[in-house]
Amino acid sequence: MTPPRPSLWPVAGGVLALLCFAALGLLGWQWLAGGRAAPVPYAEFQRLLAAGQIERVVVRETGAAVTLTMPAEVQVNTVQGLHPREMRDFSVQLPSSLTLPGSRLMNDLSRQGVQWRFEQSGPWPGLLLNGLPPLLFLALFVALPLTLLILLAWRARRPKVVKP
């Protein structure tokens, strides 16, 4: 009589859980980066505005998300300094005096036909960042072992079929 082969379901479940956590981590990383490239200097933003290449600007606090009419080569801040990179969307830090509705920058944007708007940053990013560690703790150290115990108890109570 040969011993029964061990089930691969616990291993497959663990690998699937790790893949899910990795995917969530990557999504969180992209979300924290804002889905945008490295910040662009304000002087580069002014150059693109003067060239008429800016399509839309969304101002949030002292920063802005900028969309160009078509991809263009933009000087981007990196660790090694300024480097050109072709992009269509980027972020820029604005001087605080220019983030008001009646400022010179907003007048320049209106004059050039650039769509612009102000957005308030909501409380959700802070709430999610503060709530995520306890949720992960509960998922890893409470829900996962509890689920495994329930599955083991269910398997133990199942009637065993003995083949003659």
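See above for the structure.
Reading the values: rules and limits
Residues numbered from 1 in each chain as written. Predicted model: local features only at pLDDT ≥ 70, side-chain atom pairs only at ≥ 80, totals over all residues. Heavy atoms only, no water. Helix = DSSP H or I, 4+ residues; strand = E, 2+ residues; numbered from the N terminus. Buried < 20%, exposed > 50% of the residue type's maximum accessible area, 1.4 Å probe, protein only. Contact = heavy atoms within 4.5 Å. Areas by Shrake-Rupley, 256 points an atom, 1.4 Å probe, with all protein chains shown as cover. Lys, Arg positive; Asp, Glu negative; His and termini not counted. Charge placed at Lys NZ, Arg CZ, Asp CG, Glu CD. Pairing = 2+ DSSP bridges. Axes fitted to C-alpha atoms, helices over the stretch in contact; angles between N-to-C directions. Core = buried A, V, L, I, M, F, W, Y, C linked by side-chain atoms within 4.5 Å. 1 Å grid on protein atoms, 1.4 Å probe; cavity = no way out; pocket = protein on both sides within 12 Å on 5 of 7 lines; lining within 4 Å. Points joined across faces, edges and corners; volume = space filled by probe spheres on them. Nonpolar A, V, L, I, M, F, W, Y, C, P; charged D, E, K, R; others polar.

Colleague: Would you mind going over the overall build of the protein with me for this structure?
Modeller: For the protein, the helix and strand inventory stands at 4 helices and 4 strands. Going from the N terminus to the C terminus, the protein shows its helices and strands as α-α-β-β-β-α-β-α. Referenced to the eigenvectors of the C-alpha coordinate spread, the extents of the protein come out at roughly 85 × 30 × 30 Å. Counting over 164 residues, the protein shows a buried share of 19%. Contacts in the protein between residues far apart in sequence, at least 24 positions, make up 57% of those at least 6 positions apart. When the accessible surface of the protein is split by element, carbon and sulfur atoms take 67% of a total near 12,500 Å². The positive charge centre, built from 15 side chains, and the negative charge centre, built from 8, are 24 Å apart in the protein.

Colleague: Explanation requested: the sheet that holds strand E1 (residues 54–60) in the structure shown.
Modeller: One key point about sheets: their strands pair by backbone hydrogen bonds, in either a parallel or an antiparallel sense. Across the sheet, 4 strands lie side by side as E3-E2-E1-E4; this open sheet has mixed pairing. Two strands close off the open sheet at either side, each with one partner strand: strand E3 (81–93) and strand E4 (115–118). With strand direction ignored, the average angle separating the axes of adjacent strands in the sheet is 40 degrees. Judged from the 6 bridges that link them, E1 and strand E2 (residues 63–78) form a sheet pairing that is antiparallel. Note that in E2 the partner of Val57 across the bridge is Val66. Sheet strands in contact with helix H2 (residues 42–50) are E1, E2 and E3, and its direction is about 155 degrees off that of E2.

Colleague: I tried to follow the nonpolar core on my own but got confused; where do I start?
Modeller: Nonpolar side chains tend to gather and get buried jointly when the protein is soluble and globular. Counting 23 residues, the largest nonpolar core has Phe45, Ile54, Val57, Phe90 and Leu105 as the members making the most contacts within it. Of all elements in the fold, only H2, E1, E2, E3 and helix H3 (104–111) reach the threshold of two or more residues within this core. Ranked by the residues each element gives to this core, the list is headed by E2, at 6 residues. Beyond its immediate chain neighbours, meaning those up to four positions away, Leu105 contacts Tyr42, Phe45, Leu49, Leu94 and Leu98.

Colleague: Is there a simple way to think about the pairing of E3 in this case?
Modeller: Working note: regular strand, side chains alternate between the two faces of the sheet. Across 12 bridges, the pairing between E2 and E3 is antiparallel. When the sheet's bridge partners are listed, Gln75 is paired in E3 with Pro84. Counting the residues between successive antiparallel strands, the hairpin from E2 to E3 contains 2 residues.

Colleague: Just to check I follow, could you spell out the layout of surface pockets for this structure?
Modeller: Unfilled space is identified by rolling a water-sized probe across the atoms. The calculated volume of the second largest pocket comes to roughly 510 Å³. Forming the walls of the second largest pocket are 17 residues, and the residues nearest its centre are Trp9, Pro10, Leu148, Leu151 and Leu152. Of all the secondary-structure elements, those providing two or more residues to the lining of the second largest pocket are helix H1 (9–32) and helix H4 (124–157). Of the residues forming the lining of the second largest pocket, the biggest block, 8 residues, is contributed by H4. Within the lining of the second largest pocket, the residues separate by chemical class into 11 nonpolar, 4 polar and 2 charged.

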